[in-house]
Amino acid sequence: MKQFNCILTSLLAATVASIPADSAARTQSTLTHGWQFAKVDSLGNRADWQSVRVPHDWAIHEPFSRDNDLQVVAVEQNGETEKSEKTGRTGGLPYMGRGIYTTTFEVPDTAGQHFTLLFDGAMSNPRVSVNGKHVGGWAYGYNSFHISLPAGLVKTGENTLTVELENKPQSSRWYPGAGLYRNVHLVATSRVHVPVWGTYVTTPYVSPDEASVKLITEISGAKKGEAVGVKTDIIAPDGNVVATNNSVYYAHEQPFTQNFLVEKPSRWSPGNPALYVARTTLSIDGKPVDEYSTRFGIRSLNYIPEKGFFLNGEYTKFKGVCNHHDLGPLGAAVNRAALRRQIVMLKDMGANAIRTAHNMPAPELVELCDEMGMMLMVEPFDDWGFRPKSPNGYGSIFHEWAEKDMVNMVRHYRNNASVVMWSIGNEVPSQWGPDGVQELQMLLDIAHREDPTRPVTCGMDQIGSVLDNGFAAALDIPGFNYKPQYYLRAYNTLPQKLVLGSETASTVSSRGCYIFPMELKANAVHDNHQSSSYDTEFCYWSNIPDIDFAMDDDYPWMIGQFVWTGFDYLGEPSPYDTDAWPNHSSVFGIIDLASLPKDRYWLYRSQWNTASPTLHMLPHWNWKGREGQVTPVAVYTSWPKAELFVNGKSMGVKEKSEAEKLNYTEVSKTQYWERHRVKHIPSRHDSLAMNRYRLIWDDVVYQPGEVRVVAYDEDGNRAGEIVRKTAGKAHHLVLTPDRAEITADGNDLVYVTVEVADKDGNPVPTDTRMVSFKVSGAAEFLATANGDPTSLLPFDAPRMNLFSGAATAILRAASTPGTATLTVTAPGVKPATLTIPVK
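Here we summarise the structure given alongside this text. Here the structure is a predicted model, which means the values were calculated and not measured. (Residues numbered from 1 in each chain as written. Predicted model: local features only at pLDDT ≥ 70, side-chain atom pairs only at ≥ 80, totals over all residues. Heavy atoms only, no water.)

### As for the overall build of the protein
Here is step 1: Along its length, the protein carries nine helices and 50 strands.
Here is step 2: On C-alpha atoms alone, the protein measures out to a radius of gyration of 27 Å, which is about the 28 Å that the 2.2 N^0.38 rule sets for 839 residues.
Here is step 3: Here the protein holds 839 residues, and the buried ones make up 62% of them.
Here is step 4: Residue pairs in contact within the protein that sit at least 24 positions apart in sequence constitute 71% of those at least 6 positions apart.
Here is step 5: Working note: accessible area of the protein is about 30600 Å², and carbon and sulfur atoms make up 48% of it.
Here is step 6: Side-chain charges of the protein comprise 77 positive and 93 negative groups, with the mean position of each set lying 1 Å from the other. (Helix = DSSP H or I, 4+ residues; strand = E, 2+ residues; numbered from the N terminus. Rg over C-alpha atoms; globule rule 2.2 N^0.38 Å. Buried < 20%, exposed > 50% of the residue type's maximum accessible area, 1.4 Å probe, protein only. Contact = heavy atoms within 4.5 Å. Areas by Shrake-Rupley, 256 points an atom, 1.4 Å probe, with all protein chains shown as cover. Lys, Arg positive; Asp, Glu negative; His and termini not counted. Charge placed at Lys NZ, Arg CZ, Asp CG, Glu CD.)

Structure follows, in structure tokens:
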């Protein structure tokens, strides 16, 4: 097994500062405002132009419909092929079709300038023109790409940029978004310059005392043999220069290498996201011509057989989540504040890693993970060349584009401190295809060629094939999607002696919906089209979280997991994905589509957040009509035991069971599905694991009033308490912002939770009334959601039904400081008003 020791750096192309005119001449403009957009129909007729700002998702505000991208999927069972209609598979939104964007940009003077267009992502098949001339494009909508513009094309004064895009039907298994959903930049440099993603930093040695840094820089535009001064300063997190290398590059076709020694480095980790900057200045005849800043972190990665993963020499488990790229009611249009909120919530839960499933991330996500201390597994695509999952998905372009996409992805992010592992695919049919190992090796070689400092994994679900055909053995780290009952077999069979849960759990739940009886059940469906928030339901291929906790806790060679998923997302509404409209968003998330945590959030927090205690009780205690019926109570807590009281009467003390190591030596409790996909059947292992991680009183009889939980520490001392009361008649609205103030930059967001309470302030958890929003002052209403996977209400209208007693309103800051005021009204209750400073 390889050991990966590295100092990692990141070009943050979107934030490279402009250089004064008397210094290096590099500027970068993000083209946000002044865009015109129009849809184009199948006959080529253009609709009326509308003014938009980029990032922009053209489909997110369109009506939901069962008929949008209705996909028919063939499933083989018992030797026969059956077809089923996948309703809501891509969110029920009309992302398909063609669109065109156009804008203008001003260039004061083009003399001696070189221009590059940088697209963070464009969905999809973008064709780019400048001043009427086609200059390039890309196929894959998730990848970043750049276009070097020909000399003389950009003129002094006004220039026109046009981007045409096309999304084909049946090109995705989830909602992909549509249009210029990520940022577009114009980079202007002098003739001699560092190109986009033109630096690469590694280190042969990292310790608490010192770190050696190796910087490789590409230099473009220099004439053969021309002398180019290259001065690089390494700037520490405190702003001081801690190392300098001042050298001369004599132009040829090879990049230029510089070496440094950093004393007492502040090493990057989730708990200490310290970032350095390598500031490189190019000069000709002593005159600066370019300055290129590369932000990076210093840390070591060691993946050691039998022992696990070590970050900076410390044993570390991946406590990760998989996330799709959409931002719920904001659609695919990237927003830094929305991503920051996601990371804040995940870190409070105790998560330390994100898998960018199943596509390249937005640069903003990677930058934020660098800054906030969140490790990343970066993944490029969901399909290879064998038996594509979607007719027009990535499999249809794999052979032509895979290497180009891999190169762009790795060069873009190979220097980011947060990126600790590459993935090269997800559940690809090539796992059991005739050329699967060859395709894997091709992608593996590209990743190793472009970045030998990180290991490569792949999310595998065909365990009956990959353990026997060489597929899993070829990877640096074997990653398994589900199948924890086979981890031991994988460990004993494979040469790496490490196992990763690349995708785990797929437990399903709807926030605040409790379904009786509480039972472990695969593929449970109910008349209300919801999944139980008791966290005991899962899909046929998956399992409850407790099994994965136990595997992580019991075996050091298990390097951790990435839960499916951190947040609910648009599309893939399993188990309501087959002719089950109106379901059109997932219920896999630990946090729902409105960015409100489900009960499962507290289950993960009780295991993952070791910095602060967790004490959470479920369900709510408003059960009119269930008087006298058994209503189980569960507690998720970091404390070892707790006592439950119902209306003052003790229901007894429950204590987490002593750990009994899970040992799946028999496979009789599982069965093979077609093509060796393994079905999880609830067994004694599930019950054993639940008793290790949950406290459950399963014989509580409901009666209105008060339920109270008192938690105790290991010594029996009272450690915490939580009380829940049966709410009375709804009386007033309650508004809770996620932030006390926001920034007046035209992009910052505040998420406001809207709830209903009785006259005593108790939340009413069953309320579903419509609430209306009015915003004035230094912000605007942007979107709303309630987390209901069946809701067809538009996200951009200033009204929403409460779901399980809550909804979210999202406000966007103005560009000028002031105060924003949100007023929320609803029939039958007192309104509420909130003011937010915008600074």
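Having seen the model, we can carry on.
### Let's talk about the sheet that holds strand β33 (residues 558–564)
Here is step 1: Pairing in this closed barrel of eight strands is parallel, and the strands run β24-β25-β26-β27-β28-β29-β30-β33 around the ring. Across this sheet, the average inter-strand angle for adjacent strands is 25 degrees, counted without regard to direction.
Here is step 2: Sheet topology places strand β30 (residues 499–505) next to β33; four bridges connect them, and they run parallel. Residue pairing in the sheet places Gly501 in a bridge with Gln561 of β33.
Here is step 3: Its contacts with the sheet place helix α8 (residues 599–608) against β24 (318–323), β30 and β33, and it is angled at close to 160 degrees to β33. (Pairing = 2+ DSSP bridges. Axes fitted to C-alpha atoms, helices over the stretch in contact; angles between N-to-C directions.)

### Focus: unusual backbone geometry
Here is step 1: Of the consecutive residues Met123 and Ser124, the connecting peptide bond is found in the cis state with omega at -10 degrees.
Here is step 2: Relative to the elements of secondary structure, Ser124 occurs in the loop between β8 (113–119) and β9 (127–130).
Here is step 3: Cis geometry is adopted by the peptide bond preceding Pro575, which originates at Ser574 and carries an omega value of 5 degrees.
Here is step 4: Note on placement: Pro575 falls in the loop between β33 and α8.
Here is step 5: In this structure, Asn125 takes a positive phi of about 50 degrees despite not being glycine.
Here is step 6: Among the structural elements, Asn125 can be located in the loop between β8 and β9.

### Looking at the sheet that holds strand β40 (residues 695–697)
Here is step 1: Strand order in the open sheet formed by three strands is β34-β35-β40, with antiparallel pairing between adjacent strands. A strand with exactly one partner marks an edge of an open sheet, and here the two such strands are β34 (615–618) and β40. Taking the axes of each pair of neighbouring strands and ignoring which way they run, one obtains an average angle of 15 degrees across the sheet.
Here is step 2: Relative to β40, strand β35 (residues 633–637) runs antiparallel, the two being bridged by three bridges. Within β40, the residue paired with Val635 across the bridge is Leu695.
Here is step 3: Packed on one face of the sheet, α8 meets β34 and β35 and runs near 40 degrees to β35.

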